[in-house]
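These are the residues of each chain, in order.
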Amino acid sequence: MHGARFRSRLRLPLIGAALVLVGLTYAVLVPNGAAGADGPQSQQIEQGRKLFAVGCSSCHGLHAEGSTNGTGTFTAPSLIGVGAAAVDFQVSTGRMPAQQPGAQIPQKTPVYSQDEIAALAAYVASLAPGPAIPPESAYDVSKATDEQITRGGELFRTNCTACHNFAGSGGALPNGKYAPSLMSTTPRNIYQAMLTGPQQMPVFSDQVMRPEDKQDIIAYVVALQQAKNPGGMGLGRLGPVSEGLWGWVIGIGLLVVVAVWIGARVPRVRRQPESNERN
């Protein structure tokens, strides 16, 4: 009887001690950025949340859940699960925040600084798992070999030329949409675009295309960006097509101008009145 009472009295102190021990263990083992509300990561996420509430929530919803037009069609997609890479791509290229809705959001000068973009990306990434911003080593092609560039060209022509043109100059798509030119796109944004599939672009995840394949494609695009035009003008790098078109437009146009000029310079013979001819 006395033993049962003694164990009953010890139960609460033991439970309390166990909870304290678990709390201390958690505080020691969990990194500071995740354990404390005042950690650097938490501060960045909080900054991103505030920026999102001011600049993004009017379209994407206060909690990034997206918005509809009343018929069930999304006017702004949900950002839950898109990952930090999608945010970094859209905001660093100036596509977001969008100036106005349309068939496609064009690239423009970024609105946010690099620190603000990183904060927005951290906030959206904290909502749900998604593609992370790739490390620099994933898209650094400064030491790419000719073999990598050649292989990247083969992959690019197989997977990308249908929309972006074989020279990366971009092209038109149905319903007023288009594939943008890659001539001024950074390696980081090319990699992120393949990871996230912005707008009409399909997603090339690591399960679909290996990271080393993505890097080879980037090496090829960078080689295109640095290539010089032997003729002085790129003309879309379409070869005989654009060159022939300009030949017809300029060549035939000049011939027409010369023909009209010659016709204007030649004096016309005036016919005499019929009465004079009879006399």
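In what follows, the structure referred to is the one given above.
What counts, and at which threshold
- Residues numbered from 1 in each chain as written.
- Predicted model: local features only at pLDDT ≥ 70, side-chain atom pairs only at ≥ 80, totals over all residues.
- Heavy atoms only, no water.
- Core = buried A, V, L, I, M, F, W, Y, C linked by side-chain atoms within 4.5 Å.
- Buried < 20%, exposed > 50% of the residue type's maximum accessible area, 1.4 Å probe, protein only.
- Helix = DSSP H or I, 4+ residues; strand = E, 2+ residues; numbered from the N terminus.
- Contact = heavy atoms within 4.5 Å.
- Phe/Tyr/Trp six-rings, centres within 6.5 Å; stacked < 30°, edge-to-face > 60°.
- Axes fitted to C-alpha atoms, helices over the stretch in contact; angles between N-to-C directions.
- Parallel < 35°, antiparallel > 145°, perpendicular 65-115°, else oblique.
- Expected span 1.5 Å × (residues − 1).
- Arc of directions from axis to C-beta.
- Salt bridge = Lys/Arg side-chain N within 4 Å of Asp/Glu carboxyl O.
- Polar contact = N/O pair within 3.5 Å; in protein donor to acceptor, adjacent residues only side chain to side chain.

Trainee: Please explain the nonpolar core as it appears in this structure.
Mentor: Core analysis: the largest hydrophobic core is formed by 20 residues, its most contacted members being F156, Y191, M194, I217, I218 and V221. Put simply, the parts of the chain that give this core at least two residues each are helix 7 (136–139), helix 8 (146–159), helix 10 (187–196) and helix 11 (211–226). Of the residues forming this core, the biggest block, seven residues, is contributed by helix 11. Residues in contact with V221, not counting those within four places in the same chain, are F156, L182 and I190. In terms of nonpolar packing, the next biggest core, distinct from the first, is built from 15 residues, L51, A64, V87 and A119 among them.

Trainee: How should I be thinking about the packing of aromatic side chains in this particular structure?
Mentor: Describing an aromatic ring pair means giving the distance of the ring centres and the angle of the ring planes. Taken as a whole and assessed by the stated rule, the structure comprises two aromatic pairs. Judged by centre distance (5.4 Å) and plane angle (50°), the ring pair of F156 and Y220 falls under tilted. Here F156, found in helix 8, pairs with Y220, found in helix 11; they are 64 residues apart in sequence, far enough to count as distant. Of the two residues, F156 and Y220, both sit in the buried class.

Trainee: Would you explain the packing of helix 3 (residues 40–55) against helix 6 (residues 114–127) in this entry?
Mentor: Helix packing for two helices is described by the angle between their axes and how far apart those axes are. In contact at an axis separation of 7 Å, helix 3 and helix 6 are set at 95° when each is read in the N-to-C sense. Compared by their axis directions, helix 3 and helix 6 come out roughly perpendicular. Residues Q41, Q44, I45, Q47, G48, R49, L51 and F52 of helix 3 touch helix 6, and the partners they reach there are E116, A118, A119, L120, A122, Y123 and S126.

Trainee: Looking at this model, I keep getting lost on helix 3. Mind explaining?
Mentor: Think of an α-helix as 3.6 residues a turn; residues three or four steps apart then line up on the same face. An ideal rise of 1.5 Å per residue puts 22 Å on 16 residues; helix 3 measures up with 22 Å between its terminal C-alpha atoms. Among all positions of helix 3, only G48, L51 and F52 are buried. Mapping the buried residues of helix 3 onto a view down its axis gives an arc of 100°, with all of them on the same face. Its buried side turned inward, helix 3 meets helix 4 (57–60) and helix 6.

Trainee: I would appreciate a short explanation of the pattern of salt bridges in the present structure.
Mentor: When charged atoms on two side chains of opposite charge get close, those side chains can pair. Counted by the stated rule, this structure contains seven salt bridges. In this structure, the salt-bridge partner of E46 is R49, at a minimum N-O distance of 2.7 Å. Within this pair, E46 and its partner R49 are both found in helix 3, separated by three residues, close to a single helical turn. The partly exposed category is assigned to R49, whose relative accessible area is 38%. In this structure, D213 engages R151 in a salt bridge whose closest nitrogen and oxygen atoms are separated by 2.6 Å. One end of the pair, D213, is in helix 11; the other, R151, is in helix 8, with 62 residues separating them in the sequence. Judged by its relative accessible area of 31%, R151 is partly exposed. Sharing partners across several salt bridges, the network here consists of R151, R210, E212, D213 and D216.

Trainee: Is there a simple way to explain the side chain of N189 in this structure?
Mentor: Take N189: it is sitting in helix 10. Engagement of the side chain of N189 in a polar contact is seen with the side chain of S92, the distance being 3.4 Å. Excluding residues within four positions of it along the chain, N189 makes contact with D88, F89, S92 and T93.

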